Amino acid sequence: MEEIIEAHKKEFGTKPDVIARAPGHFHLAGEHTWFFRDKTLSMACDFYVYVSVSFRDDQNVKFNFAQMEETKKCSLSSLKFKKEDKWSNALKSVLHGFASMGFNLRGVNVTVYSDILPSAGFGITTASKVAFAWAMKELCGFKAGTEILLQVLERGSRNFLQNDNFMADVFSAVYSKENNFVLTDYAKKSHDLIPFKFKDKTILLTDARVPRIVTWNEESLFQPENVLLLGELKEPKPSLYGGWHYEESKSEVNEVLSVVHEETKHRLLCIMQEHKCILDCVSAVEKCDFASFARAVTKSHEGMRDLYDVSCPEIDWILKRVSKLDENPDDLRTPVNCGRITGKGFGRGVYTFLRSTDVEKYQEKLFEYSRIFGFEAKSYVVKPGRGVCLV
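Fair warning: this is a prediction, and the values are worked out from it, not measured in the lab.

Scoring rules and cut-offs
- Residues numbered from 1 in each chain as written.
- Predicted model: local features only at pLDDT ≥ 70, side-chain atom pairs only at ≥ 80, totals over all residues.
- Heavy atoms only, no water.
- Core = buried A, V, L, I, M, F, W, Y, C linked by side-chain atoms within 4.5 Å.
- Buried < 20%, exposed > 50% of the residue type's maximum accessible area, 1.4 Å probe, protein only.
- Contact = heavy atoms within 4.5 Å.
- 1 Å grid on protein atoms, 1.4 Å probe; cavity = no way out; pocket = protein on both sides within 12 Å on 5 of 7 lines; lining within 4 Å.
- Points joined across faces, edges and corners; volume = space filled by probe spheres on them.
- Helix = DSSP H or I, 4+ residues; strand = E, 2+ residues; numbered from the N terminus.
- Nonpolar A, V, L, I, M, F, W, Y, C, P; charged D, E, K, R; others polar.
- Pairing = 2+ DSSP bridges.
- Axes fitted to C-alpha atoms, helices over the stretch in contact; angles between N-to-C directions.

Asker: Hey, could you run me through the nonpolar core in this one?
Answerer: In summary, soluble globular proteins display a tendency toward joint burial of nonpolar side chains. Counting 120 residues, the largest nonpolar core has F98, F132, F181 and F293 as its most contacted members. In contact with F98, other than residues within four places in its own chain, are F103, L105, A133, M136, K137, F142, L149 and V152. In this structure, I4, I5, Y48 and Y50 belong to the second largest nonpolar core, which totals five residues.

Asker: Just to check I follow, could you spell out empty space enclosed by the protein for this structure?
Answerer: Vacant regions in the atomic arrangement are exposed by a probe of water-molecule size rolled over the atoms. Counting across every chain of the model gives one cavity of 30 Å³ or more. Taken as a whole, the largest cavity holds about 50 Å³ of empty space. What lines the largest cavity is simply F65, W87, A90, V112, P118, I124, T125 and S128. The set of elements that each furnish at least two residues to the lining of the largest cavity consists of α2 (87-100) and α3 (124-140). Among the elements that make up the lining of the largest cavity, the one with the highest residue count is α3 (three residues). Taken together, the residues of the lining of the largest cavity break down into six nonpolar, two polar and no charged.

Asker: Where do I start with the sheet that holds strand β11 (residues 338-342) in this structure?
Answerer: Ordered in space as β11-β12-β8-β13, the four strands form an open sheet in which the pairing is antiparallel. The sheet is open, and its two borders are formed by β11 and β13 (378-382), each paired with just one other strand. The mean angle between the axes of side-by-side strands here comes to 20°, regardless of whether they run parallel or antiparallel. As paired strands, strand β8 (residues 201-207) and β13 are joined by five bridges and run antiparallel to one another.

Asker: How should I be thinking about the pairing of strand β2 (residues 39-55) in this particular structure?
Answerer: Where a strand is regular, its side chains alternate between the two sheet faces. Counting buried positions over the 17 residues of β2 gives 15, a clear majority of the element. Pairing of strand β1 (residues 18-29) with β2 involves 10 bridges; the strand directions are antiparallel. Following the sheet pairing, A20 is matched in β2 by V51. Of the pairings in the sheet, the one linking β2 to strand β5 (residues 108-113) comprises six bridges and is antiparallel in character.

Here it is, written out as structure tokens:
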């Protein structure tokens, strides 16, 4: 708290008028299924992005990212997306969202404070946008509830950044609570909190530092005809969370998907598998059954690796070592550790649920990883965080 006040004062010569914070997050499963109106299971983390704001005497906006020691500026009269502005474009999108909904803006000074930089992923950009929106609402006295602020964020993403608005990202930053996962249902545009009480487990996020190399264009999968194909394979099942599941008959699935290229078929099969993995994760969490949860997480990663083709040898190496931390690594029925690649893109993030007694061994494996591959991995111990608030 004191650090961001001092950073704001150092850059702008005055203390901030309002400070808001929002949590980073990662997705446990389902981050690639949004286009098919499916579900995403996420966890907000207790590393927070702080955004402080204060009024200016003109119509300009100045942004300062404390840890990056970088400043950007723009004018409210001519908000423009600039490739070189990178992290500040996300904040400008919030201003665009407010302006597009008729709110009268004034010039402000803005400081972003985050110990984890946006380049690591882990929801830092979304957290900065959400915290900025809440801070601007408070500073300017806007009469806007949560639903209006969600519309502000959506308009900024779609119209200014020209990006899809990923509800799971925003819901994680807005609605999360301690000791809960966030389950987003894209079909219903809703969320649920899933309480969990796994004992003696430590959650780590690891930035594997692998350069992001795109091996295929994910947007090529996001076609209406593919949505229709998977729609044919959806069946009602009221006993399941969400009320439906995918067809389980292999012959029926193969017949419906026979019209697409083999690579597309594999990726659609992964989307179907992810749905079951999410349901299995939720069921296991509700029963406090870690072994079932770990098996579902492992199955989800195998789909990302073998069917969806977004993993890489370095990340697979890390996760293989996670499984070897178990005294009985060949006993697939009762795993005590698990992990998975995480991120919407072809990312380099890994999350792991480890026995607390295995954390030191895992860190030793990361040292070995750095020596073998030449990428210095960075890991963070995290706990489920609380959604956006003023501080």
